[in-house]
Amino acid sequence: MTAPADLGGPVVTADVDAPSTAPPVAAGVSRRRAALALARFEAVRMVRHPVMVAAVLLYLGPWVWQRVKPGADHYPVLHADLVTLQMAAMLVLGGAALVVANLAVLREHRHRTDAVSDLLVLPPAWRAGAFLLAVMAPAGLTLAVFAAQTLALAVMPGRAGTLDVFDVAIPAGIVALLGAGGVLLALLVRSPIIAPLAAILFAAAGFVAIASVATGTTWGRLLPILPDDLPVALPSVLVDRPSGRHLVYLVGLTAVLATLALLRAGARVRVALPTLAAALAVTVAAGSAQFVGDDAVVAARVTVNQNPAPVQTCQARGEVTYCAFDDFTAWVPAWSRVVDDVVRLAPDAATAAGPPLAVRQWVWSDGYPTSGGVFGPEAAQARARAQRATDTAAGTPEAVPVGTTWGDAATAAAFAGSVAFRLVAGKAVAGDTTVCGARGALIVWLTGQASPHVADGLHQLDDQSSGSLALIDYTIDNGLFVDDRDAAVGLTLLERPSAEVTAVVAAHWVELTAPNTPIERVGALFDVPVGAAPDPAFANVQCEQ
């Protein structure tokens, strides 16, 4: 700066720096930062939303109670239980994510602040993108919860089955998909009632998909959940479950909904359309791939129906041989306890007569080559023949059959009944078998006297039965039936002192196990009342001889 010359005096000069200015921030960078900040903010709000918190509690509460309640099932089939949990995750956590994401996008509309949003640095498409990113928070929460459940099931000593890591990730994919659907619905219809209705629709579709399994259809794989193609737990060697392809299918569907939401919010068409096309291609390819079956698994199912011995491991516990599929061997100690409890009640003559006692696990999968169908009478006869042929060829003739469900009292009672039948009749249950007279009462007593747990299951089955007491393991479709008149005598004997009944049973074992000994003889031996005999004109029961 120079002083004016007319003021006189020396001339002074000075250099003054111009004020420094920060480099301008690109508009794209500014929007990106704002979008990420909005996404973080909305992510926290979504996981803390009362609907989401309530959903997590509703999802976990019943499951935790099932694990800790008295008589809880400590014998999960890991890969089958995870499928069941996926259904609950879609109904509860997925539905909550859909509603919460929808409410988050509609917040401005509900509070009449839409005009204020137009003044923000973020255009509508960027705001929609932020909400879509925020949906990953409920998905991440679901992944953490589901992984914790999986770990809790996997460390149980009685755990059977195997772990598929894709099945662990599928619930998180379901939540992400339904969350993205909630964002899209909010952009299409400015009403908060649509999201709950959509959640109900998904729930109904899920139940229909599960029901379709019984009819042999597989279209349910196009829904967010991935139902199994059979209603029973299968050994891992028989599982044909495209979990990885289904997860890719979910990712593709999520990308489709997210791109549609961005398009609706005003995203650039030249960018969004190629993305939508790619997402649709992935969805169609992965969805179609789910229907490509594994021929080796299909062949294995037919083979195992006829002869499961080659894919089973046998072990001896005491004088009994137990043969189970490799991923079910953890159940052998529990089976052994039931067998020992029943055997200790019978005299030595019970185990001496007939081949050495053995137990073999069975599961009837689809594809059995009989004209009667999977559950027809011809199929039942073919299964009985296959059961006896397999046991004889494997060196375990007349082995007691057991299925792929364990842990509840009713299943233990059905198994104990099969063991009792083997001791009484000298042969294994094969197909539907009706026991009459003294044999029926004796089998009921042996079953109920085994243990309090088994007795509870026997009474449960008795309450569920009509006309005859049904000791059925539905996973192998083997039915042992005792006429109500004969079963009532056996149930009455359970009220007597165990030592008193055991002594009479040991003294009259041969008579009580004879196929023609009438129930009236049991009443006379134990001085218990016997119900009136049915009218012969209406008696249409074929008793096992």
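So, here is what we can say about the structure in this document. If you're wondering where the values come from, they're calculated on a predicted model, not measured in any experiment. (Residues numbered from 1 in each chain as written. Predicted model: local features only at pLDDT ≥ 70, side-chain atom pairs only at ≥ 80, totals over all residues. Heavy atoms only, no water.)

**Here's the deal with the overall build of the chain**
And step 1. A count of helical and extended segments in the chain gives 22 helices and seven strands.
And step 2. Sorting the 545 residues of the chain into buried and exposed places 47% on the buried side.
And step 3. When the accessible surface of the chain is split by element, carbon and sulfur atoms take 64% of a total near 25300 Å². (Helix = DSSP H or I, 4+ residues; strand = E, 2+ residues; numbered from the N terminus. Buried < 20%, exposed > 50% of the residue type's maximum accessible area, 1.4 Å probe, protein only. Areas by Shrake-Rupley, 256 points an atom, 1.4 Å probe, with all protein chains shown as cover.)

**Regarding the packing of helix α8 (residues 165-188) against helix α10 (residues 243-265)**
And step 1. Interaxial distance between α8 and α10 falls to 9 Å at its minimum, and their mutual angle equals 15°. It follows from the interaxial angle that α8 and α10 lie roughly parallel. The interaxial crossing formed by α8 with α10 has left-handed handedness.
And step 2. Its residues placed into classes, the contact of α8 with α10 shows 18 nonpolar, six polar and two charged. (Axes fitted to C-alpha atoms, helices over the stretch in contact; angles between N-to-C directions. Parallel < 35°, antiparallel > 145°, perpendicular 65-115°, else oblique. Left-handed = near helix turned anticlockwise from the far one by under 90°. Nonpolar A, V, L, I, M, F, W, Y, C, P; charged D, E, K, R; others polar.)

**Thoughts on the pattern of salt bridges**
Any two side chains of opposite charge can pair, given that their charged atoms come close.
And step 1. Considering all chains together, one arrives at eight salt bridges under this definition.
And step 2. Ionic pairing is found between Asp-167 and Arg-241, a salt bridge with its closest N-O pair at 3.0 Å. On the criterion of sequence distance, the pair formed by Asp-167 in helix α8 and Arg-241 in the loop between α9 (194-213) and α10 is long-range, its members being 74 residues apart. In this pair, the class of Asp-167 matches that of Arg-241, namely buried.
And step 3. Here Arg-360 makes a salt bridge to Asp-391, at a shortest N to O gap of 3.0 Å. Residue Arg-360 is found in strand β3 (residues 358-361), and its partner Asp-391 is found in helix α15 (residues 377-393); the two are separated by 31 residues along the sequence.
And step 4. What makes Arg-360 buried here is its relative accessible area of 1%.
And step 5. Using a relative accessible area of 1% as the deciding quantity, one classes Asp-391 as buried. (Salt bridge = Lys/Arg side-chain N within 4 Å of Asp/Glu carboxyl O.)

**Topic: the sheet that holds strand β4 (residues 400-402)**
And step 1. Across the sheet, which stays open at both edges, the four strands sit in the order β1-β2-β3-β4 with mixed pairing between neighbours. The open sheet terminates on both sides in strands that have one partner only, identified here as β1 (312-317) and β4. Direction aside, neighbouring strands of the sheet carry axes that sit 20° apart on average.
And step 2. Sheet topology note: the strand β2 (residues 320-325)/β3 ladder contains three bridges and is parallel. Its bridge partner being in β3, Thr-321 is matched across the sheet by Ala-358.
And step 3. Contacts from helix α16 (residues 409-425) reach β3 and β4, with the element oriented near 170° to β4. (Pairing = 2+ DSSP bridges. Contact = heavy atoms within 4.5 Å.)

**Brief notes about the layout of surface pockets**
The gaps of empty space that remain are located by a probe, the size of a water molecule, rolled over the atoms.
And step 1. Taken as a whole, the largest pocket spans an internal volume of roughly 970 Å³.
And step 2. Together, 44 residues line the largest pocket, and Val-77, Ala-80, Asp-81, Thr-84 and Pro-231 are the ones closest to its centre.
And step 3. Contributions of two or more residues to the lining of the largest pocket are made by α2 (50-68), α3 (78-105) and α9.
And step 4. Ranked by the residues each element gives to the lining of the largest pocket, the list is headed by α3, at eight residues.
And step 5. A class-by-class count of the residues in the lining of the largest pocket yields 27 nonpolar, seven polar and ten charged. (1 Å grid on protein atoms, 1.4 Å probe; cavity = no way out; pocket = protein on both sides within 12 Å on 5 of 7 lines; lining within 4 Å. Points joined across faces, edges and corners; volume = space filled by probe spheres on them.)

**Notes on the environment of Leu-253**
And step 1. Position of Leu-253 relative to the elements: it lies in helix α10.
And step 2. Looking at Leu-253, the relative accessible area reads 22%, which means it is partly exposed.
And step 3. Residues Leu-253 and Gly-173, spaced 80 residues apart in sequence, show a C-alpha to C-alpha distance of 9.7 Å.
And step 4. Not counting the four nearest positions on each side in its chain, Leu-253 is found in contact with Leu-177 and Thr-283.

**Thoughts on the state of the cysteines**
And step 1. Taken as a whole and assessed by the stated rule, the structure comprises one disulfide.
And step 2. Here Cys-314 pairs with Cys-323 through a disulfide, and the sulfurs are 2.0 Å apart. Its S-S torsion of approximately 110° makes the covalent link between Cys-314 and Cys-323 right-handed.
And step 3. The partly exposed category is assigned to Cys-314, whose relative accessible area is 43%. (Disulfide = S-S within 2.5 Å.)

**Thoughts on the packing of aromatic side chains**
And step 1. Counting across every chain of the model gives four aromatic pairs.
And step 2. Seen in terms of ring centroids, Phe-328 and Trp-331 are 5.0 Å apart; in terms of plane orientation they differ by 85°. Their pairing is edge-to-face. Neither residue differs from the other here; Phe-328 and Trp-331 are each classed as buried.
And step 3. Ring centres of Trp-331 and Trp-335 lie 6.5 Å apart, and the angle between their planes is 80°; this geometry places the pair in the edge-to-face category.
And step 4. Its relative accessible area of 0% is what places Trp-335 among the buried residues.
And step 5. Among the aromatic residues, those joined into a ring-pair cluster are Tyr-75, Phe-328, Trp-331 and Trp-335. (Phe/Tyr/Trp six-rings, centres within 6.5 Å; stacked < 30°, edge-to-face > 60°.)

**Some details on the packing of helix α7 (residues 136-154) against α8**
And step 1. Look at α7 against α8: their axes get within 8 Å of each other, and the N-to-C directions meet at 155°. It follows that α7 is roughly antiparallel to α8 by the angle criterion. The handedness of the crossing between α7 and α8 is right-handed. On the side of α7, the interface is formed by Met-136, Pro-138, Ala-139, Thr-142, Leu-143, Phe-146, Ala-147 and Thr-150, while α8 contributes Asp-167, Val-168, Ala-169, Pro-171, Ala-172, Val-175 and Ala-176.
And step 2. For the contact of α7 with α8, a count of residues per class yields twelve nonpolar, two polar and one charged.

**A word on the sheet that holds strand β7 (residues 478-483)**
And step 1. Ordered in space as β5-β7-β6, the three strands form an open sheet in which the pairing is mixed. Strands with a single pairing partner mark the edges of an open sheet, and in this sheet they are β5 (432-435) and β6 (468-473). Across the sheet, the mean angle separating the axes of adjacent strands is 20° when strand polarity is ignored.
And step 2. The sheet contact formed by β6 and β7 spans six bridges and is antiparallel. Each residue of the ladder has a partner; that of Ala-470, found in β7, is Phe-481.

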